[in-house]
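# Analysis of the macromolecular model
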Amino acid sequence: MKISASKNMLKRFRHEFIILAIIVVLSITIGSINSQFYSVGNIYSLLKSTVIMGLFALGSFLVLVSGDIDISFTAIGVFCMYVTSKLVLLVMPGAGIVLIMLIAGLMGVLLGFINAVFISLLKMPGLIVTLGTGSMIRGFLLTFIGVRIINKLPDSMIAFSKITLLHKAQENGHIVGLSIGFVVFIAFAILIYLALKYTVTGRAVYALGGDRVATARVGFNITKVQFFIYGTVGFLSGLAGVTHSSFMRNGNPFDLVGTELSVIAAVVLGGTSITGGKGTVFGAVLGVFLLVLINNSLIMVGIPSYWQRAVVGIIILLSTGSVALQERRSRGV
Amino acid sequence: MEEELIVVENIEKSFPGVRALSDVSISLKKAEIRCLAGENGSGKSTLIKVISGIYKPEKGLITIEGEQYKSLHPIEAIRHGVQVIYQDLSLFPNLTVAENLALNSYLGNNKKLLKWKDVKKIASSALSKINVEIDLNGIVGSLTVADKQLVAISRALLNNAKIVIMDEPTTALTQKEVDSLFKIILNLKEMGISTLFVSHKLREVIEISEEITILRNGRKVAEGSIDQFDEPKIVYHMTGREVGTERYKYVPRGDKLPVLTVQHYSSDTHFEDVNFDIHSGEIIGITGLLGSGRTELALSLFGIHQHDSGKVLVEGKEVSTNTINDAVNSGIAYVPEDRLSEGLFLQQSIARNTYVSILDRLQNKLGFVDFPKADITVETWIDNLSIATPSKENPVSSLSGGNQQRVVLARWLATDAKILILNGPTVGVDIGSKEDIHNKLRELARSGLAILIISDDIPEIVQNCNRIFVMHKGQIVERLEGSRTHENEIVAILKKLK
């Protein structure tokens, strides 16, 4: 009984295990070539690098599970970041970071609702809608709000980037700490996990990705569910935008847009089905870890950075391919 | 007098350009099993949707549990215990059995948070109501159709069903699964639940129903206790015409070599040492339980699946069946089981669907498609197979099931096939068109084609095939002479197989 239960686990989370294994193997390999990899400083900096992609990925994950696709989230993120920064500098330069994040997040929710209106009420495919809204939001930002990089951000945003935890002394005497941004990312990952697992709306996201018609017939309010999804994506994007500019210590309206496909790649890498209904938060987080590991660490072992994209592509093909193959074999096709 | 649970009177319902229901009445007593029969387009599904509150009729009265309604709202229908089990079952393939069962009641009770212990409890009590055991943690998408159906039925019962409407529940079930479904329907009857059973398969209808209502062109044409009906009578009311029941007679054509010879044909996983031949003019039927290897055999002969050993000869010459191209070039054509997902490009025109299989032969000297020639070919086949359409440029999706099936036939006949393999040729096709397809197949056989039919539909096999093979665990276990075999014999053989 026990054995079959753990076997079941293995089967259900096959993809997550594969990604975890790749992460472990990759880490050991990189570490054995360059021991700098294991230094606390490097690990902390890797974890910090997962934050922005991670927050975006959580939203992207929700949309993919519901059986749709959103590519406007980076545009929403940069819009919220830039407008909020400008607004705060203009009206209340002393605002705290929580307030700033809330403003950006709620702005994101509103923008997400625009997506939801088209996708849910007009029943348009998410890819088309967000292709449009993403381009529109970014165009609006650059045309009417500004193209100049904000070099002096509100103080609280700069301060946020300096908050660290779990301080450790490195060999060279430097004291390093883990960015609080990572804690925010993980906290939201847990929140999304709980919402998906223990709320009826959360299960509806999976149901929607599994069979849309059945979801309506059972009596779910699909419109409500989709507003929840795209609102959440907007909120997380706003948050990611502010965190990004805080980490960069400037507000650049040309940032972020262009990274959306990498984010979606990370989520898919983590085992989320591009056709909807399947995927776990844990998998999406692992996907982000793996992608960040590849992007930031291959260089440590002398692999040119151009190779990173190729490696990501190869891993996507191999990992999703192996799972697809196993599924096919188990169905006896 | 027995209690009438629901009485639907004088329903009228029109859609733009069509009168779907005119003056239709139907009623169900408590614990009654009633069959609603009728061809596609007869108004069956419209009537179901009126009863379940999805459509509002223009006229008529619905009395349910003593309360009168001009039209029902879906919520009212559910509150009165009306549950529809749709043909597609409306389950979530990516969720577990437990969730599929429990989500409904969570929604019904307007709860926001899930307790997984309760989910399991709700689910297991639902399954125990109909005495079935299915792994609660299993993903629904990986269950068999029969198990999925049981999940759907259990889910309906969870909502205090008093009337269960089953829309074509047996379409994808094997004989044994149909039997256990019937046990469950009888079980529901004992619990006081009424069943409205919608089906094409008349033998089943007669076996399970107590009462029958027959619709044709939106009108009720017959109704009564099932004892007063037999198959030909039901068919007559459904189609408005007599449908022939005479069998196919094969007249040997005196050819020396069979068109198709299959020798020691084996695949490591699906079938083993299959031997048979088909002469010109023969119609051979293969039946067997699901998983007997018959579909895989057909797919291998057509080059979709691989075989591992054995020979295939066409007119005495050994041919390769390794790829679809090989098979097509040696004169083998295959009409798949699910014409919608495997066979047709639904949004494309009838013409394009027809000539897609012979594009390479329609090339002119420059390598472009010779459209005038293509048009002639298409028109010939539309004519030959009497496909009912105003224009060959209409999309295939605008055709009825029977006519869609003919388009698939036309496509393969256009390749000048010598051997036609059909997998479930009339699944989901109504009786009238079914007869037309059967007649067409006989005609084709008489004109010299060798035909292989794979089917679950025993009457179809017995009526149309001059030889019948029963396959089991990858082998042909029984070879019967069509003209001397009774349906019940084959049913008995199938029941014995395990």
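Residues numbered from 1 in each chain as written. Chains lettered and ligands numbered in written order. Predicted model: local features only at pLDDT ≥ 70, side-chain atom pairs only at ≥ 80, totals over all residues. Heavy atoms only, no water.

## Quick look at the interface of chain A and chain B
The accessible area lost on association of the parts is a frequent measure of interface size. Note the cut-off: The criterion used for residue contact is that any of the two residues' heavy atoms lie within 4.5 Å. Whenever a carboxyl oxygen of Asp or Glu lies within 4 Å of a side-chain nitrogen of Lys or Arg, that contact is scored as a salt bridge. Any N or O atom pair separated by 3.5 Å or less is treated as a polar contact, with the protein-specific requirement of one donor-capable and one acceptor-capable atom, and with residues adjacent in sequence counted only for side-chain atom pairs. Only runs of H or I of at least four residues qualify as helices and only runs of E of at least two qualify as strands under DSSP, and these elements are numbered from the N terminus.
Listed as interface residues are 20 residues of chain A and, on the opposing side, 23 residues of chain B. Linking chain A with chain B are one salt bridge, by the criterion used here. As a salt-bridge pair, A:Arg203 and B:Glu99 come within 2.5 Å of each other at their nearest N and O atoms. For the pair chain A and chain B, the interface holds six residue pairs in polar contact (both at pLDDT 80 or more). Mapped by element, the contributors of at least two residues to the side of chain A that touches chain B are α8 (180–198), α9 (200–210) and α10 (212–218) of chain A. The element contributing the most residues to the side of chain A that touches chain B is α9(A), with six residues.

## What about unusual backbone geometry?
One non-glycine residue, A:Leu166, lies in the positive phi region at around 50°. The phi dihedral of B:Glu168 falls on the positive side, at around 45°, and the residue is not glycine. By the secondary structure assignment, B:Glu168 is in the loop between β7 (163–167) and α6 (175–190).

## With respect to the domain arrangement of chain B
All names here are of chain B. Basically, it comes down to this: These domain limits were set by an automatic method or by a database of domain assignments. Summed over both partners, the accessible area lost on bringing two parts together, with a 1.4 Å probe, is the buried area.
In terms of domains, chain B is made up of domain 1 (4–239) and domain 2 (260–496). Averaged C-alpha coordinates put domain 1 and domain 2 at centres separated by 33 Å. In this assembly, 13 residues from domain 1 lie in contact with 11 residues from domain 2. Taken together, the two surfaces of domain 1 and domain 2 that pack against each other cover about 1,100 Å², and 62% of this comes from carbon and sulfur. Put simply, domain 1 and domain 2 have two salt bridges between them. Notably, a salt bridge pairs Lys 495 with Asp 179, separated by 3.6 Å at the nearest N-O pair. Between domain 1 and domain 2 we count zero residue pairs in polar contact (both at pLDDT 80 or more) in total. Those elements giving two or more residues to the side of domain 1 that touches domain 2 turn out to be α6, α7 (202–208) and α8 (231–239).

## Notes on empty space enclosed by the protein
Residues and elements named next belong to chain B. Heads up, the condition is: Points on a 1 Å grid over protein atoms alone make up a cavity when a 1.4 Å probe fits among them but cannot get out, and a pocket when they form an open set with protein on both sides within 12 Å along at least five of seven lines; lining residues each have an atom within 4 Å of a point. Grid points are joined across faces, edges and corners, and a volume is the space filled by probe spheres set on the points. Residues are grouped as follows: Ala, Val, Leu, Ile, Met, Phe, Trp, Tyr, Cys and Pro are nonpolar; Asp, Glu, Lys and Arg are charged; all remaining types, including Gly, are polar.
Counted by the stated rule, this structure contains one cavity of 30 Å³ or more. Volume-wise, the largest cavity comes out at about 30 Å³. Ile 6, Val 8, Ile 26, Ser 27, Leu 28, Ile 51 and Leu 196 are the residues that line the largest cavity. Breaking the lining of the largest cavity down by element, the ones donating at least two residues are β1 (4–15) and β2 (18–29). Counting residues per element, the lining of the largest cavity draws most heavily on β2, which supplies three residues. Grouping the amino acids of the lining of the largest cavity by side-chain chemistry returns six nonpolar, one polar and no charged.

## Observations concerning α9(A)
Stated formally: Relative accessible area decides the class of each residue, using a 1.4 Å probe on protein chains only: under 20% of the type maximum gives buried, over 50% gives exposed, and in between gives partly exposed.
A large share of α9(A) lies buried, amounting to nine of its 11 residues. For α9(A), the full list of buried residues reads A:Val200, A:Gly202, A:Arg203, A:Ala204, A:Val205, A:Tyr206, A:Ala207, A:Leu208 and A:Gly209. On its buried face, α9(A) is in contact with α3 (40–65), α8, α10 and α11 (222–248) of chain A together with α3 (97–108) and α4 (116–129) of chain B.

## Let's talk about the nonpolar core
Convention followed: Here, nonpolar core means buried Ala, Val, Leu, Ile, Met, Phe, Trp, Tyr and Cys residues that are tied together by side-chain atoms lying within 4.5 Å of each other.
Ranked by internal contacts, the top residues of the largest apolar core, which has 154 residues, are A:Ile229, A:Leu290, B:Val97 and B:Ile212. The element that contributes the greatest number of residues to this core is α3(A), accounting for 14 residues. Beyond its immediate sequence surroundings of up to four residues, B:Ile212 is in contact with B:Arg34, B:Cys35, B:Ala37, B:Val205, B:Ala222, B:Glu223, B:Gly224, B:Ile226, B:Phe229 and B:Ile234.

## Some thoughts on the packing of aromatic side chains
Defined as follows: In summary, the pairing rule links any two rings of Phe, Tyr or Trp, Trp by its six-membered ring, whose centres are within 6.5 Å, and it sorts them by plane angle into stacked for under 30 degrees, edge-to-face for over 60 and tilted for everything else. Think of it as a cone above the ring: NZ of Lys or CZ of Arg counts as a charge over the ring if it is within 6 Å of the ring centre and within 35 degrees of the ring normal.
Within this structure, the stated rule accounts for 15 aromatic pairs over all chains. Aromatic ring contacts, followed pair by pair, group A:Phe79, A:Phe140 and A:Phe144 into a single cluster. Looking at B:Lys111, its charged tip hangs above the ring of B:Tyr106, at a distance of 5.2 Å from the centre. Over the aromatic face of B:Phe469 sits the side chain of B:Arg479, whose NZ or CZ is 4.9 Å from the ring centroid.

## Some thoughts on the sheet that holds β7(B)
All names here are of chain B. This is how it is decided: The pairing criterion is simple: DSSP has to find at least two bridges between the two strands. The angle between two axes is taken between their N-to-C directions and runs from 0 to 180 degrees, where each axis is a line fitted to C-alpha atoms and a helix contributes only its stretch in contact.
Read across the sheet, six strands follow the order β6-β7-β8-β3-β9-β10 without closing on themselves; strand pairing throughout is mixed. Because the sheet does not close on itself, it has two edges, and the strands there are β6 (82–85) and β10 (219–225). Looking at each pair of strands side by side, their axes are set apart by 15° on average, direction ignored. As paired strands, β7 and strand β8 (residues 194–198) are joined by five bridges and run parallel to one another. Bridge pairing in β8 links Val 164 to Thr 195. Taken strand by strand, α8 contacts β3 (33–37), β9 (211–216) and β10, and its axis lies near 30° from that of β9.

## Describing the pairing of strand β20 (residues 475–481) of chain B
Residue and element names in this part refer to chain B. Pairing analysis gives six bridges linking strand β19 (residues 467–472) to β20, with the strands arranged antiparallel. Pairing of Arg 467 across the sheet is with Glu 481, part of β20. What sits between β19 and β20 in their antiparallel hairpin is a turn of two residues, with Lys 473 showing a positive phi close to 45°.

## Thoughts on a positive patch on the surface
Residues and elements named next belong to chain B. Applicable threshold: Two joining distances apply to patches: 9 Å for like charges and 5 Å for nonpolar side chains (Val, Leu, Ile, Met, Phe, Trp, Tyr), and every residue must have over 30% relative accessible area and no salt bridge. We get accessible surface area from the Shrake-Rupley algorithm with a probe of 1.4 Å; when it comes to residues, only the shown protein chains can shield them. Neither His nor the chain ends contribute to the count of charged residues, in which Lys and Arg are positive and Asp and Glu negative. All charge positions are set by atom: Lys at NZ, Arg at CZ, Asp at CG, Glu at CD.
Positive charge collects at one region of the surface, where Lys 111, Lys 115, Lys 117 and Lys 121 lie side by side. Along the chain, Lys 121 falls in helix α4. Classification of Lys 121 by relative accessible area gives exposed; the value is 57%.

## Remarks on the environment of B:Lys13
All names here are of chain B. When you line up the elements, Lys 13 lands in strand β1. The spacing of Lys 13 and Asp 23 is 10 residues in sequence and 8.8 Å in space, taken between C-alpha atoms. In this view, Lys 13 contacts Arg 19, Ala 20, Leu 21, Thr 46, Tyr 55, Lys 56, Pro 57 and Glu 58; residues no more than four positions away in its chain are not counted. A polar contact is formed between the side chain of Lys 13 and the backbone oxygen of Lys 56, at a distance of 3.1 Å.

## Notes on the environment of A:Leu90
Along the chain, A:Leu90 falls in helix α4 (residues 73–91). Linking A:Leu90 and A:Thr243, residues 153 residues apart in sequence, is a C-alpha distance of 19 Å.

## Side note on α3(A)
Residues and elements named next belong to chain A. Threshold: A helix's residues, less one, multiplied by 1.5 Å, set its expected span. Values of bend correspond, residue by residue, to the angle between axes fitted over the seven residues ending at that residue and the seven starting there.
Counted at 1.5 Å a residue, the expected span for α3 with its 26 residues is 38 Å, and the 35 Å between its end C-alpha atoms agrees. At Ile 52, α3 is deflected by roughly 35°, the largest bend along its length. Across the 26 residues of α3, 20 count as buried, placing the element largely inside the fold. Where α3 terminates, the next one or two residues include Gly 67, which has phi positive at roughly 90°.

## Some points on the pattern of salt bridges
Residues and elements named next belong to chain B. One pass over the structure, following the stated rule, counts 23 salt bridges over all chains. For Glu 379, the salt bridge identified is with Lys 392, shortest N-O distance 3.1 Å. Residue Glu 379 is found in helix α13 (residues 371–384), and its partner Lys 392 is found in the loop between α13 and α14 (401–413); the two are separated by 13 residues along the sequence. Look at the salt bridges and you will find they share partners, linking Glu 32, Arg 34, Glu 211, Lys 220 and Glu 223 into a network.

## Quick word on the pairing of β9(B)
Residue and element names in this part refer to chain B. By the bridge criterion, four bridges tie β3 to β9 in an arrangement that is parallel. Bridge assignment links Leu 36 to a residue of β9, and that residue is Thr 213. Strand direction decides the pairing type here: β9 and β10, joined by six bridges, are antiparallel. Counted as the bridge partner of Ile 212 is Gly 224 from β10. Between β9 and the antiparallel strand that follows it, β10, lie two residues; Asn 217 among them carries a positive phi value of about 50°.

## Here we look at the packing of helix α5 (residues 97–121) of chain A against helix α6 (residues 126–145) of chain A
Residues and elements named next belong to chain A. Just so we agree on the cut-off: Note on convention: the crossing is left-handed when the near helix lies turned anticlockwise from the far helix by less than a right angle, right-handed when the turn is clockwise.
Interaxial distance between α5 and α6 falls to 9 Å at its minimum, and their mutual angle equals 145°. For α5 against α6, the interelement crossing comes out right-handed. Of α6, the residues touching α5 (which contributes Leu 111, Ile 114, Asn 115, Phe 118 and Ile 119) are Gly 126, Val 129, Thr 130, Thr 133 and Ile 137. Within the contact of α5 with α6, the residues separate by chemical class into six nonpolar, four polar and no charged.

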